[in-house]
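Each chain, letter by letter, is given below.
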Amino acid sequence: MPMNGYYGFYHDNLTRRGRLMIQQALNALQLGSIYALIALGYSMVYGVLRLINFAHGDIFMVGSYIALYFAVKLNLGAPLTVLATMAAAAFLGVLIERIAYRPLRSAPRVSAVITALGVGIFLETFTLAVVGPQPQAFPELLPKIIYKFDGIRTSSTQLTIILLSFVLMVALDQFVQRTRTGMAMRALSWDLHLVSLMGVDIDRIVSITFALGTSLAAVAGIFVGLAYPVIDPYMGIMVGWKAFIAAVVGGIGSVRGAMAGGYILGAIEILAVANLPSTYRDMIAFAILLFILLVKPSGFFGSPVSKKV
Amino acid sequence: MNQPLLQVDGLKLAYGQIIALHEVSFEVAKGEIVTLIGANGAGKSSTLRAVSRLLPPLAGTIVFDGHDLTKLAPHELIGLGIAHVPEGRGIFGNLTVRENLLLATFQRNDWDGINADIERVFSLFPRLRERIEQSSTTLSGGEQQMLAVGRALMMRAKLLLLDEPSMGLAPILVKEIFRIIVELNKQGATVLLVEQNANMALKISQRAYVLENGRIVKTGSAADLRQSPDIRKAYLGDD
């Protein structure tokens, strides 16, 4: 310790804490953005179909591999890779709904949930068969620039993740709030059958919902590839669960809830990692799930389950 | 009678093993108000749901304006001009009043016309204008019924299927709702009405059909049915 007087020490300590807080906030925003993007898909699909799409985490993983293919094999460049990956993932989501979930629309929900688990395992094993079990390096789509301000460290990747996620979420929120398709999505969560009396093709709205959810999950897949630059066929399992927790914390079925839940879970995890042994991180996430289910099952933004007039 | 706008023939419908409708046949001519009366469980709502394709019939034909409705999906009926105001009104409680009205224009893109129709709904139901940005769960039962009828207006319906529009409303609101049904009919809408309030319904209808246990047991002009002793005893509360 340098021969500082008391005041100097106090002053240094404060700015160190301040810097640490900003650093952790940036890390929390990055992780939270990724959780939020994935959580939106869980929440929207649950909103319209009352289905927990347990394959959603694996769609996120497939999104990573699709992006890897577009970026490395086709050499598309960053903007085109993102757009093409979103389109391909949207197509995959629509296809899965069409083949696996639509025939079970009026079946008991437990059948659909088991199907969703099956679809998820299929996606994992299919990817495993195609690309093999070795983790693969994800390319740097953007020139990676490290920024350091007064001890705070961030990067072009981190800032891109935070800002682009925010832009996508605001766009989605406006779509859901302002367009008639968005109104139809919300109306479906109130009553699936009545919506057709308004002239709305329910199947089309369900397809759009899946397309939006899976394309956002694929963007999250790209972000994870950029931030932690290794991907593997099982990366969707734990991240998928965490995003599901985020959706439940926010109130599953609610778009804004999923966003808030993602950021809340991101912040809690970063705080846990910073202050506790890192092995506690997942345990804390699941403890939060159990706690929320116990005390506020509808989440922070969810409406109570009973909704029929 | 003119060529009927809606013609239903030999409609048969079941919920699992339970037959809800046996051979139900009826027709509605353009410009008419026709009522289906009957007790709870007689099959009135099932008939409307079959017409609007919410329930698949086991047998029978439903022809509207030359189109075979049994070949269409529910959302395609709007394009033909059929609006169904379901029992319990079918308001989306998580949407605002404005959003409920806009959702009903899902298949339209004539924004001038849509805005004009919203104005028309508000001039018919001024109370809805005050509540335009409110969540529709905050509406009273009468206001919800106004919103449900308003949505049908937004669809520019030629045929209105109204399921128990007076249910749960105070007498003064029942009168108001029936007044508006007559008004819409004068403006050109054909109406197929299902009502337990047979007295009011028969007053505004030209013709009626009486449903009992999934069968049509009686039909005639509304005026005749109001005079019929059986009907008076069973549905109009006479001893």
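Residues numbered from 1 in each chain as written. Chains lettered and ligands numbered in written order. Predicted model: local features only at pLDDT ≥ 70, side-chain atom pairs only at ≥ 80, totals over all residues. Heavy atoms only, no water.

Peer 1: Give me the lowdown on the overall build of chain B, citing residues and values where you can.
Peer 2: Within chain B, the secondary structure is distributed over 10 helices and 10 strands. Its C-alpha atoms give chain B a radius of gyration of 17 Å, near enough to 18 Å, the size a compact globule of 239 residues would have. Dimensions along the principal axes, computed over C-alpha positions, put chain B at roughly 45 × 45 × 35 Å. Split into buried and exposed, the 239 residues of chain B put 55% on the buried side. Considering only contacts in chain B between residues 6 or more positions apart, those separated by 24 or more positions represent 67%. Surface accessibility of chain B: about 10200 Å² in total, with carbon and sulfur atoms responsible for 50%. The distance from the centre of the 26 positive side-chain charges to the centre of the 26 negative ones in chain B is 2 Å. (Helix = DSSP H or I, 4+ residues; strand = E, 2+ residues; numbered from the N terminus. Rg over C-alpha atoms; globule rule 2.2 N^0.38 Å. Buried < 20%, exposed > 50% of the residue type's maximum accessible area, 1.4 Å probe, protein only. Contact = heavy atoms within 4.5 Å. Areas by Shrake-Rupley, 256 points an atom, 1.4 Å probe, with all protein chains shown as cover. Lys, Arg positive; Asp, Glu negative; His and termini not counted. Charge placed at Lys NZ, Arg CZ, Asp CG, Glu CD.)

Peer 1: Explain the environment of B:Leu139 to me, using residue names and the numbers behind them.
Peer 2: Residue and element names in this part refer to chain B. With respect to the helices and strands, the residue Leu-139 is situated in the loop between helix 5 (126-130) and helix 6 (141-154). Overall, the relative accessible area of 6% leaves Leu-139 in the buried class. Each C-alpha atom, one on Leu-139 and one on Arg-127, is 9.9 Å from the other, the two residues being 12 residues apart in sequence. Look past the residues within four positions of Leu-139 in its chain and what remains in contact with it is Val-97, Leu-128, Arg-131, Gln-144 and Leu-147.

Peer 1: Residues and numbers for the packing of helix 8 (residues 235-250) of chain A against helix 9 (residues 255-275) of chain A, please.
Peer 2: Residue and element names in this part refer to chain A. Running from N to C, helix 8 and helix 9 cross one another at 120 degrees; their axes reach a closest spacing of 7 Å. Here helix 8 lies oblique to helix 9, going by the angle between them. In the crossing of helix 8 with helix 9, the sense of the turn from one axis to the other is right-handed. Within the contact between the two elements, helix 8 uses Lys-242, Ile-245, Ala-246, Val-249 and Gly-250 and helix 9 uses Gly-257, Gly-261, Gly-262, Ile-264, Leu-265 and Glu-269. Of the residues that constitute the contact of helix 8 with helix 9, the class distribution is 5 nonpolar, 4 polar and 2 charged. (Axes fitted to C-alpha atoms, helices over the stretch in contact; angles between N-to-C directions. Parallel < 35°, antiparallel > 145°, perpendicular 65-115°, else oblique. Left-handed = near helix turned anticlockwise from the far one by under 90°. Nonpolar A, V, L, I, M, F, W, Y, C, P; charged D, E, K, R; others polar.)

Peer 1: Outline a nonpolar patch on the surface, listing residues and values.
Peer 2: Where nonpolar side chains cluster on the molecular surface, the patch consists of A:Tyr234, A:Ile237, A:Met238 and A:Trp241 and spans about 350 Å² of accessible area. Turning to its location among the elements, A:Met238 is positioned in helix 8. (Patch = residues over 30% accessible without salt bridge, like charges linked within 9 Å, V, L, I, M, F, W, Y side chains within 5 Å. Salt bridge = Lys/Arg side-chain N within 4 Å of Asp/Glu carboxyl O.)

Peer 1: Report on the interface of chain B and chain A, specifying residues and quantitative values.
Peer 2: How big an interface is tends to be reported as the loss of accessible area on association of its parts. The interface of chain B with chain A comprises 28 residues on the first partner and 22 residues on the second. Of all residues in chain B, B:His75, B:Phe92 and B:Phe106 give up the largest surface area on contact with chain A, accounting jointly for 31% of the area buried on that side. At the boundary of chain B with chain A, the tally comes to 1 salt bridge. The shortest N-O distance in the salt bridge between A:Arg186 and B:Glu99 comes to 3.0 Å. Counting the contacts that link chain B with chain A gives 8 residue pairs in polar contact (both at pLDDT 80 or more). Secondary-structure elements contributing two or more residues to the side of chain B that touches chain A are helix 3 (97-103), helix 4 (111-124) and helix 6 of chain B. At 3 residues, helix 3 of chain B tops the list of elements feeding residues into the side of chain B that touches chain A. Each residue belonging to the side of chain B that touches chain A can be placed in one class, and the counts come to 14 nonpolar, 11 polar and 3 charged. (Buried area = accessible area lost by both parts, 1.4 Å probe. Polar contact = N/O pair within 3.5 Å; in protein donor to acceptor, adjacent residues only side chain to side chain.)

Peer 1: How would you summarise helix 2 (residues 56-73) of chain A if you had to cite specific residues and measurements?
Peer 2: Residue pairs three or four apart in sequence face the same way in an α-helix, which turns once every 3.6 residues. All names here are of chain A. With 18 residues, helix 2 should cover 26 Å at 1.5 Å per step; its first-to-last C-alpha distance of 25 Å lies within 8% of that length. Across the 18 residues that make up helix 2, a large majority, 15, are buried. Count one or two residues on from helix 2 and you reach Asn-75, which has phi positive near 55 degrees. (Expected span 1.5 Å × (residues − 1).)

Peer 1: Can you lay out the pairing of strand 2 (residues 18-29) of chain B for me, pointing to particular residues and giving the numbers?
Peer 2: Residue and element names in this part refer to chain B. Here strand 1 (residues 4-15) pairs with strand 2 via 8 bridges, running antiparallel. Within strand 2, the residue paired with Gln-7 across the bridge is Glu-27. Linking strand 1 to strand 2, which pair antiparallel, is a turn of 2 residues; within it Gly-16 sits at a positive phi near 60 degrees. (Pairing = 2+ DSSP bridges.)

Peer 1: Can you tell me about the packing of aromatic side chains, naming the residues and giving the values?
Peer 2: Residue and element names in this part refer to chain A. The final tally for this structure, using the stated rule, is 10 aromatic pairs over all chains. For the pair Tyr-147 and Phe-149, a centre-to-centre distance of 6.4 Å together with 5 degrees between the ring planes defines the contact as stacked. The exposure class of Tyr-147 is partly exposed, given its relative accessible area of 28%. By way of ring pairs, the aromatic residues Tyr-42, Phe-54, Trp-241, Phe-244 and Phe-286 are connected into one cluster. (Phe/Tyr/Trp six-rings, centres within 6.5 Å; stacked < 30°, edge-to-face > 60°.)

Peer 1: So what's going on with the pairing of strand 1 of chain B? Which residues, and what values?
Peer 2: As paired elements, strand 1 of chain B and strand 4 (residues 59-64) of chain B share 5 bridges and run antiparallel to each other. Bridging across to strand 4 of chain B, B:Asp9 finds its partner in B:Thr61.

Peer 1: Explain empty space enclosed by the protein to me, using residue names and the numbers behind them.
Peer 2: Summed over the entire model, instances satisfying the criterion amount to 3 cavities of 30 Å³ or more. Every residue lining the largest cavity is listed: A:Leu197, B:Ser52, B:Pro74, B:Leu77, B:Ile78, B:Ile82, B:Ala83 and B:His84. Secondary structure elements with two or more residues in the lining of the largest cavity: helix 2 (77-80) and strand 6 (82-85) of chain B. If you tally residues by element for the lining of the largest cavity, the top one is strand 6 of chain B, at 3 residues. (1 Å grid on protein atoms, 1.4 Å probe; cavity = no way out; pocket = protein on both sides within 12 Å on 5 of 7 lines; lining within 4 Å. Points joined across faces, edges and corners; volume = space filled by probe spheres on them.)

Peer 1: Quick rundown of the sheet that holds strand 6 of chain B? Include the residues and the values.
Peer 2: In a beta sheet, neighbouring strands are held together by backbone hydrogen bonds and run either parallel or antiparallel to one another. Residues and elements named next belong to chain B. The strand order 6-7-8-3-9-10 describes an open sheet built from 6 strands, whose pairing is mixed. The open sheet has two edge strands with one neighbour each: strand 6 and strand 10 (215-221). Strand after strand, the sheet turns through a mean of 15 degrees between neighbouring axes, direction not considered. Where strand 3 (residues 33-38) and strand 9 (residues 207-212) come together, 5 bridges link them in parallel fashion. Paired with Ile-37 across the two strands is Val-210, which belongs to strand 9.

Peer 1: Residue-level account of the sheet that holds strand 1 of chain B, with values.
Peer 2: All names here are of chain B. Spatial ordering of the open sheet is given by 2-1-4-5, a layout of 4 strands whose pairing is antiparallel. One side of each edge strand has no neighbouring strand; the edge strands of this open sheet are strand 2 and strand 5 (67-68). Where strand 4 meets strand 5, 2 bridges bridge the pair, whose relative direction is antiparallel. Bridge assignment links Val-63 to a residue of strand 5, and that residue is Asp-68.

Peer 1: How would you explain the nonpolar core if you had to name every residue and give the values?
Peer 2: Grouped together as the largest cluster of nonpolar side chains are 136 residues, with contacts concentrated most on A:Tyr101, B:Phe92, B:Leu103, B:Leu160 and B:Ile181. Among the elements that line this core, the one with the most residues is helix 1 (residues 6-49) of chain A, at 14 residues. Apart from the residues lying within four places of it in its own chain, the contact partners of B:Phe92 are A:Ala187, A:Trp190, A:Asp191, A:Leu194, A:Val195, A:Met198, B:Asn100, B:Leu103, B:Ser136 and B:Arg151. One finds B:Val34, B:Val51, B:Leu80 and B:Ile82 within the second-largest nonpolar core, a separate group that totals 29 residues. (Core = buried A, V, L, I, M, F, W, Y, C linked by side-chain atoms within 4.5 Å.)

Everything listed here is a matter of geometry and, on its own, says nothing about what the molecule does.
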